[in-house]
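So the chains spell out like this:
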Amino acid sequence: MDDDAPLTLSGLGERVEAVSALYARKFAVDRDPDWFMLKLAEEVGELTQAFLVATGRTRPRGAASPSGAAAPDATAVPDDGASALADEVADVLAHLLLLARSQGVDVDAAVRRKWLVWEAELRG
C-alpha cells in the first residue's frame, strides 16, 4: 500500500479496522460493542496526559518528589512531548474511526452534513 497516497476517512477507517482486528486476534481481545467506546475513552485520557506534558501543565517526568528524591520513573521528556502528543492524536483518531465503523456511522457523510455545510458561508 502506498503510504504517501491521500487518505480519505473511510479508507483510513478500513485500514485501522484491519490493524485492530489483527491486534485483537494476536492478543485475544474481545472487541465487543462496549470495547470500541471504552478503548476510545482510554485513548482520550492518554491524549490528555500527553497534552499536559507537552504544554508543561504537569509535573515533568524526572522531577523531584515532595521528599526531594527523583521520581522512580525519572526520564526526560523527549522533544518536549510533541511526538507523544502526535502519537496519542493518532490513537484517538484511529479509535474514533473504529467506534464509528462499529456503529455503522458514515464519517465522511456525517462530517459533510454536520461541519462542511457551513463552508458556503465562508464563500458568501
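Further up the page is the structure itself.
Given the structure is predicted, the values throughout are model-derived calculations rather than measurements.

About the criteria used
The numbering scheme is per chain: residues are counted from 1 as the chain's sequence reads. Local features in this predicted model are restricted to residues of pLDDT 70 or higher, and side-chain atom pairs are both shown and tallied only at a pLDDT of 80 or more, whereas totals for entire chains, interfaces and linings draw on every residue. Think of the side-chain values as coming from all heavy atoms in the structure, minus any hydrogens and water. A pairing counts as a salt bridge when a side-chain nitrogen of Lys or Arg comes within 4 Å of a carboxyl oxygen of Asp or Glu. The helix count covers DSSP runs of H or I at least four residues long, the strand count covers runs of E at least two residues long, and both are numbered beginning at the N terminus. Under the scheme applied here, a residue whose accessible area is under 20% of the maximum for its type counts as buried, over 50% as exposed, and between as partly exposed, the area being computed with a 1.4 Å probe on protein chains only. In this text, buried Ala, Val, Leu, Ile, Met, Phe, Trp, Tyr and Cys residues form a nonpolar core when linked through side-chain atoms within 4.5 Å. Whether two residues touch is decided by their heavy atoms; if any such pair falls within 4.5 Å, the residues are in contact. Helix axes are fitted to C-alpha atoms over the stretch in contact, other axes to C-alpha atoms as well, and angles between N-to-C directions run from 0 to 180 degrees. Small angles under 35 degrees read as roughly parallel and large ones over 145 as roughly antiparallel, with 65 to 115 read as roughly perpendicular and the rest as oblique. In a left-handed crossing the near helix is turned counterclockwise from the far helix by less than a right angle, and in a right-handed crossing that turn is clockwise. Amino acid classes used here: Ala, Val, Leu, Ile, Met, Phe, Trp, Tyr, Cys and Pro are nonpolar; Asp, Glu, Lys and Arg are charged; the rest, including Gly, are polar. Here the expected length of a helix is defined as 1.5 Å per residue gap, with one fewer gap than residues.

1. With respect to the pattern of salt bridges
Here comes step 1: The tally for this structure, following the rule as stated, stands at three salt bridges.
Here comes step 2: A salt bridge links Lys39 to Glu42; its shortest N-O distance comes to 2.9 Å. In this pair, Lys39 and Glu42 are both assigned in helix H2 (residues 33-54), three residues apart and thus about one turn of the helix distant.
Here comes step 3: Residues Lys39 and Glu43 are paired through a salt bridge, measuring 3.7 Å at the closest nitrogen-oxygen approach. Taken together, the positions of Lys39 and Glu43, both in helix H2 and four residues apart, correspond to about one turn of that helix.
Here comes step 4: Given a relative accessible area of 5%, Glu43 falls into the buried group.

2. Some thoughts on the nonpolar core
Here comes step 1: The biggest cluster of nonpolar side chains holds ten residues, and these are Leu12, Val16, Trp35, Phe36, Leu40, Val92, Ala94, Leu97, Leu98 and Leu99.
Here comes step 2: When contributions to this core are tallied by element, the ones reaching two or more residues are helix H1 (9-27), H2 and helix H3 (82-102).
Here comes step 3: With five residues, the single largest contributor to this core is H3.
Here comes step 4: Once residues within four sequence positions are removed from consideration, Leu97 is found in contact with Leu9, Leu12, Gly13, Val16 and Val107.

3. Considering the packing of H2 against H3
Two packed helices can be described by the angle between their axes and the distance between those axes.
Here comes step 1: Put simply, H2 and H3 touch, their axes get as near as 8 Å, and they point 160 degrees apart. Overall, the two elements H2 and H3 adopt an arrangement that is roughly antiparallel. By crossing handedness, the relation of H2 to H3 is classed as left-handed. Contacts between H2 and H3 involve Trp35, Phe36, Met37, Lys39, Leu40, Glu43, Val44, Glu46, Leu47, Ala50, Phe51 and Ala54 from the former and Ala84, Leu85, Glu88, Val89, Asp91, Val92, His95, Leu96, Leu98, Leu99 and Ser102 from the latter.
Here comes step 2: Residues belonging to the contact of H2 with H3 are distributed by class as follows: 16 nonpolar, two polar and five charged.

4. Quick word on H3
Here comes step 1: Taking 1.5 Å per residue as the helical rise, H3 with its 21 residues ought to reach 30 Å, and the 30 Å between its terminal C-alpha atoms agrees with that figure.
Here comes step 2: Of all the residues in H3, the buried ones are Glu88, Val92, Ala94, His95, Leu97, Leu98, Leu99 and Ala100.
Here comes step 3: Elements in contact with the buried residues of H3: H1, H2 and helix H4 (107-114).
Here comes step 4: Positioned one or two residues after H3, Gly104 has a phi angle of 75 degrees, which is positive.

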